[in-house]
Amino acid sequence: LESLLPSEQDIPESYRIGTPLAQQEYLVGGELKTWRGPMQEVRSPIHLTTDHGPEPRLLGSYPLLTGAEALEALAAAVAAYDNGSGAWPAMPLEARIAHMEEFTHAMVAQKPEVVRLLMWEIGKSSRDAEAEFDRTVDYIRDTIDALKDLDRASARFTIEMGIIGQIRRAPLGVVLCMGPYNYPLNETYTTLIPALLMGNTVVFKPPRIGVLLHQPLLQAFRDAFPPGVVNTVYGDGQTVIGPMMASGSINVLAFIGTSRVANHIRRQHPRLNRLRCVLGLEAKNPAIITPSADMETAVRECVLGTLSFNGQRCTALKILFVHSSVYEDFLTRFSNAITQLKHGMPWEPDVFLTPLPEPNKTDYLAGLVQDAEERGAHVVNQGGGAICHTFFFPAVVAPVAPGMRVYQEEQFGPVIPVVPYDDITTPLHYVAESNYGQQVSLFGHDTDDIARLMDALVNQVCRVNINSQCQRGPDTFPFTGRKDSAEGTLSVSDTLRVFSIRTVVATKGTKANKDILSAIVRDRKSAFLSTDFIL
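Numbering of residues starts from 1 in every chain and runs along the sequence as written. Given that the model is predicted, a residue must reach a pLDDT of at least 70 before its local features are reported, and side-chain atom pairs must reach 80 or more before they are shown or counted; all residues, however, enter totals for whole chains, interfaces and linings. The side-chain figures draw on all heavy atoms in the structure; neither hydrogens nor water molecules are used.

Engineer: Hey, could you go over the overall build of the protein chain for me, with residue numbers and the actual values?
Structural biologist: When its secondary structure is counted, the protein chain shows 16 helices and 25 strands. The globule rule puts the C-alpha radius of gyration for 535 residues at 24 Å, and the 25 Å found for the protein chain is close to it. Across its three principal directions, the C-alpha atoms of the protein chain cover 80 × 60 × 40 Å. Excluding contacts between residues fewer than 6 apart, the proportion of contacts in the protein chain whose partners are at least 24 apart in sequence is 73%. Summed over its atoms, the accessible surface of the protein chain is roughly 21900 Å², and 50% of this surface lies on carbon and sulfur atoms. Counting rule for charge: Lys and Arg are taken as positive, Asp and Glu as negative, and neither His nor the chain ends is counted. In this description, the location of a charge corresponds to atom NZ of lysine, CZ of arginine, CG of aspartate or CD of glutamate. With 48 positive and 59 negative side-chain charges, the protein chain shows a spacing of 9 Å between the two charge centroids. Helical segments are the DSSP runs of H or I of at least four residues, strand segments are the runs of E of at least two, and each set is numbered from the N terminus. Atoms considered for the radius of gyration are the C-alpha atoms alone. The globule rule reads 2.2 Å times the number of residues to the power 0.38. Contact criterion: two residues are considered in contact whenever any of their non-hydrogen atoms come within 4.5 Å of each other. Computed by Shrake-Rupley with a 1.4 Å probe, the accessible areas treat only the displayed protein chains as cover when residues are assessed.

Engineer: Lay out the side chain of Thr315 with the relevant residues and their values.
Structural biologist: Along the chain, Thr315 turns up in the loop between helix H9 (295-307) and strand S14 (317-323). Here the side chain of Thr315 touches Arg313 through a polar contact of 3.1 Å, side chain to side chain. What Thr315 contacts, discounting residues up to four positions off in sequence, is Asn285, Gln438, Gln439, Cys470, Gln471, Arg472 and Phe479. A 3.5 Å cut-off defines polar contacts: any pair of N or O atoms within that distance qualifies, except that in protein one atom must be a possible hydrogen donor and the other a possible acceptor, and neighbouring residues in sequence count only when both atoms are side-chain atoms.

Engineer: Before we move on, could you go through unusual backbone geometry and cite the residues and values that matter?
Structural biologist: With an omega dihedral of -10°, the bond running from Ala398 to Pro399 counts as a cis peptide bond. Along the polypeptide, Pro399 turns up in the loop between strand S18 (395-398) and helix H12 (405-408). Looking along the chain, the bond that leaves Gly473 and enters Pro474 is cis, with omega of -5°. Here Pro474 shows up in the loop between strand S22 (463-466) and strand S23 (482-483). We note that Asn467 has phi near 55°; this positive angle belongs to a residue other than glycine. Looking at the secondary structure, you find Asn467 in the loop between S22 and S23.

Engineer: An account of the nonpolar core is requested, with residue identities and associated values reported.
Structural biologist: For soluble globular proteins, nonpolar side chains are generally found buried alongside one another. Counting residues in hydrophobic clusters, the biggest one holds 106 residues, and the most contacted among them are Phe103, Tyr189 and Phe225. Examining the composition of this core, we find that 9 residues originate from one element, helix H4 (residues 126-154), more than from any other. When residues no more than four places from it in sequence are discounted, the contact partners of Phe103 are Ile140, Tyr189, Ile193, Leu217, Ala220, Phe221, Ala224 and Phe225. Among the nonpolar cores identified, the runner-up in size contains 28 residues, and Ile289, Leu320, Tyr327 and Phe334 belong to it. We define the nonpolar core as a collection of buried residues of types Ala, Val, Leu, Ile, Met, Phe, Trp, Tyr and Cys that are connected through side-chain atoms lying within 4.5 Å of one another. We call a residue buried when its accessible area falls under 20% of the maximum for its residue type, exposed when it is over 50%, and partly exposed in between, using a 1.4 Å probe and counting protein chains only.

Engineer: Go over the packing of helix H2 (residues 93-109) against H4, please, and point to the residues and values.
Structural biologist: Lines fitted to C-alpha atoms define the axes here, with helix axes fitted over just the stretch in contact, and angles between the N-to-C directions of these axes take values from 0 to 180 degrees. One way to put it is that H2 packs onto H4 with a least axis distance of 11 Å and a crossing angle of 170°. Put simply, H2 runs roughly antiparallel to H4. Contacts between H2 and H4 pair Leu93, Ile97, Met100, Glu101, Phe103, Thr104, Met107 and Val108 from the former with Phe133, Thr136, Val137, Ile140, Arg141, Ile144, Leu147, Lys148 and Asp151 from the latter. All amino acids are sorted into three groups, where Ala, Val, Leu, Ile, Met, Phe, Trp, Tyr, Cys and Pro are nonpolar, Asp, Glu, Lys and Arg are charged, and the leftover types, Gly among them, are polar. Among the residues making up the contact of H2 with H4, the classes are represented as 11 nonpolar, 2 polar and 4 charged. By the definition adopted for this analysis, an angle is roughly parallel if under 35 degrees, roughly antiparallel if over 145, roughly perpendicular if from 65 to 115, and oblique otherwise.

The following block contains the structure:
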């Protein structure tokens, strides 16, 4: 692994990071303000060989704002919303869409820089970084199309029991958006974009890891949206988030991370009944390999499911239950497949395993492996668990049993626990007793077994994948979870509903009232009461 560490000269010119980025700007009230205070240094998980030995590459720095700047950003969002009377929430939907399309056009122009920073900040391969950017742009466009469909369905009056009404969706207010480090662009924008399109104003705090990549888009936000509609906050979460939540002015918390942090944040709000939460949280998604599974398919999908982006995905397969009749065959094939994976730097062609961005993550993963070994398991794949700075070569740990930390904890990294079972009630009991309920993968071809398992599991998790890894896409499918895994549903159409509320204008069907409605609609006096049809 040590031989993988490059020198500056080994890096292809198109991927070099250049002079460290001292990001001093933050967006508040339509103005890019300059911070003159303390800065947080950002170093890459990628270590470079230097005359002094391997060192993490310095990427730049970002502002460590205080509670005062956070409250200033919040005040700008509150003023822009203006109790629903601000320019943005009162704007016709077609005009809001035009602003979003302007932003998207400017965003696309920044793709090379955002992709490069994704690679250096979180160790994502160039292929995966480009895919994240492209998927985000597609998500914006798909959300716009879904919003048009939603609006077209509302562009009519309903008459029931002598009452005339029009039902549309209205914004909720000020949204605090906080995304995760593993998909700092895509998963942040899957809440930020629909929140904006529905007429809400936003305060956006990037994750602790994956901050600098948002800098190239600050000007696009400033230029595309009215002042105060989008505001950014940087710094320590406890310092800047606490004052905003304690103010009671946040109407929606959109957060993707851990349930512990989510609960801490929302408890700081003084009016919990006024706070709507949209949360994407932990998961411990299992795979269940039954005796009738096709081994080639099961191994291929489990490798992808456990190790895509080094297993740092909430949708990753984080524990594998393998029937004892195919256990040895699966372990051999699975371990051999992992040995063939290419590990290296994010810019290398076909690289699959890359450095881990979280500080001290390799120590945590090594601790999980050691705990399992002390309790009777062992690492079964060649080189498993090898560490070099921020590299951690995947460790397949078996046989894993209750009582081992990795049996319960979400490892969020390349440690793969494998549990042999004889009775199908073993994995079913695990899913039922788990704190999480996002997804599961079933592998097999016995239709009786698959149907029986599927019918039991759909009442425990929110997606059952048959002969395929767990995943989020396509974005038109609902993405959510039970128990501690999620609150609210994130899909193109569902998220628009999450960031809005059904609101009705109604009146008795008298001639005078009909004349009033007709005049308002005919003369386009209202943005809400309208039969305009957006193509």
